[in-house]
Amino acid sequence: MKRTTLIRTAASAALCLSLTAGAVMPKQALAWDWLSAGLAVFQVGAQYAYLNKQVSYLDNKGRDEYMGQIKDKYGVNSDPTANAMLARIMTRLSDAVALTDPSIVKKPYNYFVNNDQSFNAFCTLGHNMSVNIGAFTKLNYNEDELAFVIAHEMGHGQKNHPAAGVKKALPLSLVSALYASQNRNTASSVGAALITTVGTAKMVTKPMESQADNLAFGYATAAGYNVGAGAALWQHILEQNGKKSSGFAELFNDHPSSVSRRTNYNKKITQWSGNQVKVNEETGLITVAGKPFYTPAKTAVMSPQEQAFLIAGNLSAVYHDGKQYEPVWTNSENTLMVGEQPIMSFDGVADSGAVETRLRDILSNSKGVTKTAAAKKP
């Protein structure tokens, strides 16, 4: 290449790097800007390395200390029913998680019920978890549905989503200020800053939410909770959102949408049953082995659809466990049973005898469904 061509190329490059200043930058200034940029990048890297050190402390050795900060911020609720239910759910879910991820044994969850009346729950650094008292009251203390809420948060915890979301949650200006201070209370300051972001979209991404939903299904079902409770939960949320008097927040920030989450969990009901149990999301009609079985009537606390998902979850368990050949009967507590599997309460059901007969007829005619086929997992 000729010398004149090289000069023209260099001049063109300098002109491009002048951005919109309208003039070619002097060679010395251009060199200095590149040096400044390099130093700035190095500085930001050092700041985030410092942040990561503080986050690691809060996520491990300092997690109990961080839990104290969270309790101070949100307040500890003493409702005995909520606390007993949370302890029971956490014990069952922790045992279920340990079946596939034994790391939970070395790092068990800290948890408590907080005073917030809105409908939410969160898991943050250090496997520190809290459930709003509003989640209990607005779900009418339904343990199966609450188990899916909490299992979702444990999904975040097991995949270290809170730690991964720190850089997304904290602005660079704050990171820079914390780095500049270089004091021994920086971890506490990081914790205080992050407390304001827990339970919001700032800490998670759409793939994180989807992954936590799928993990929640595995955790909750392994713990023995109703297979249909995930779909029932999101049906409940869908029905309550948009009502000014409901007090509901869009749990997990509608990220992805509530409709897609309900549909995802509804598909899992069908998959769990070996494709034998389905719910029409619009009407609440439950179909078993290709035949219409039952559409629940609205009650004071549940829509037909929410009830349908829970009933279908119990029916799905029948097929999954290969129990569809066992007797259909009604126990002394007015509950429809298949063998020892509860299906639905007959309280308030006018035609309970017809419902029992219909299910018996459907199951007796579904001899083509083998235990192996019904046991296919999603």
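Before reading further, recall that the structure is shown in the block above.
The rules we used
- The numbers attached to residues start from 1 for each chain and follow its sequence in the written order.
- Only residues with pLDDT of 70 or above have their local features reported here, since the model is predicted, and side-chain atom pairs are shown and tallied only from 80 upward, although totals for entire chains, interfaces and linings are computed over all residues.
- To obtain the side-chain values, all non-hydrogen atoms of the structure were used and water was disregarded.
- Note on conventions: DSSP H or I runs of at least 4 residues are helices, E runs of at least 2 residues are strands, and numbering of each starts at the N terminus.
- The cut-offs for exposure are 20% and 50% of the maximum accessible area for each residue type, with area from a 1.4 Å probe on protein chains only; residues under the lower value are buried, those over the upper are exposed, and the others partly exposed.
- Contact criterion: two residues are considered in contact whenever any of their non-hydrogen atoms come within 4.5 Å of each other.
- Under the convention used here, a 1.4 Å probe and the Shrake-Rupley method define accessible areas, while residue burial counts only the protein chains that appear.
- Note on pairing: two strands pair once DSSP finds at least 2 bridges between them.
- Simply put, an axis is a line fit to the C-alpha atoms, just over the touching stretch for a helix, and the angle between two N-to-C directions goes from 0 to 180 degrees.
- Pairing of N or O atoms within 3.5 Å defines a polar contact, subject to two protein rules: one partner must be a possible hydrogen donor and the other a possible acceptor, and residues neighboring in sequence count only if both atoms are side-chain atoms.
- For this document, the term salt bridge refers to a Lys or Arg side-chain nitrogen within 4 Å of an Asp or Glu carboxyl oxygen.

Visitor: Which residues make up the overall build of the protein chain, and what values go with them?
Guide: Along the protein chain, the regular secondary structure elements total 17 helices and nine strands. Here the protein chain, with 378 residues, has 49% of them falling under the buried criterion. Within the protein chain, residue pairs in contact and separated by at least 24 positions form 67% of the contacts whose partners lie at least 6 positions apart. Put simply, the protein chain shows about 18200 Å² of open surface, and 56% of that area lies on carbon and sulfur atoms.

Visitor: Could you give an account of the sheet that holds strand S9 (residues 341-345), naming the residues involved and the relevant values?
Guide: The sheet built from three strands is open, its strands ordered S7-S8-S9 with antiparallel pairing. Either end of the sheet is taken by a strand with one partner, and the two such strands are strand S7 (328-330) and S9. The mean angle between the axes of side-by-side strands here comes to 25°, regardless of whether they run parallel or antiparallel. Across four bridges, strand S8 (residues 335-338) lies against S9 in antiparallel orientation. Bridge pairing links Met-337 to Pro-342 in S9. In the packing of helix H15 (residues 304-320) onto the sheet, contacts are made with S8 and S9, and the angle to S9 comes to roughly 160°. Against the sheet, helix H16 (residues 352-364) engages S7, S8 and S9, with an angle of about 165° to S7.

Visitor: Talk me through the pairing of S8; I want residue IDs and the actual numbers.
Guide: Regular strands have side chains that alternate between both faces of the sheet. In S8, alternate side chains face the same way, and those of Thr-335 and Met-337 on one face and Leu-336 and Val-338 on the other are all buried. Judged from the three bridges that link them, S7 and S8 form a sheet pairing that is antiparallel. Along S8, the bridge assignment pairs Val-328 with Val-338. What sits between S8 and S9 in their antiparallel hairpin is a turn of two residues, with Gly-339 showing a positive phi close to 65°.

Visitor: Describe in detail the side chain of Thr-124, supporting the description with residues and values.
Guide: Locating Thr-124 in the fold gives a position in strand S2 (residues 121-124). Assessed through its relative accessible area of 1%, Thr-124 is described here as buried. A polar contact of 3.4 Å, which involves the side chain of Thr-124, links it to the side chain of Tyr-66.

Visitor: Lay out the sheet that holds S2 in plain terms, naming residues and giving numbers.
Guide: Taken together, the three strands give an open sheet; going across it, the order is S1-S3-S2, and neighbouring strands pair in mixed fashion. Since the sheet does not close on itself, it has two edges, and those belong to strand S1 (110-114) and S2, each with one partner. The sheet shows a mean angle of 15° between the axes of neighbouring strands, taken without regard to direction. Here S2 runs beside strand S3 (residues 128-132); their pairing, made up of four bridges, is antiparallel. Following the sheet pairing, Ala-121 is matched in S3 by Val-131. The sheet contacts of helix H3 (residues 63-74) involve S1, S2 and S3, and relative to S1 the element is tilted by about 5°.

Visitor: So, the side chain of Asn-314: which residues are in play, and what are the values?
Guide: Turning to its location among the elements, Asn-314 is positioned in helix H15. The buried category is assigned to Asn-314, whose relative accessible area is 17%. For Asn-314, the residues in contact, after removing those within four places along its chain, are Asn-226, Gln-341, Pro-342 and Ile-343.

Visitor: Account for the pattern of salt bridges, naming residues and giving values.
Guide: Under the criterion given, the structure shown has eight salt bridges. As a salt-bridge pair, Asp-59 and Lys-107 come within 3.4 Å of each other at their nearest N and O atoms. Of this pair, Asp-59 sits in helix H2 (residues 27-59) while Lys-107 is found in the loop between helix H5 (103-106) and S1, placing the two residues 48 residues apart along the sequence. Of the two residues, Asp-59 and Lys-107, neither departs from the other in class, the shared state being buried. Residues Arg-92 and Glu-143 are paired through a salt bridge, measuring 3.8 Å at the closest nitrogen-oxygen approach. One end of the pair, Arg-92, is in helix H4 (residues 80-98); the other, Glu-143, is in helix H7 (residues 143-158), with 51 residues separating them in the sequence. Assessed through its relative accessible area of 17%, Glu-143 is described here as buried. Each of Arg-88, Arg-92 and Glu-143 takes part in one network of salt bridges that share partners.

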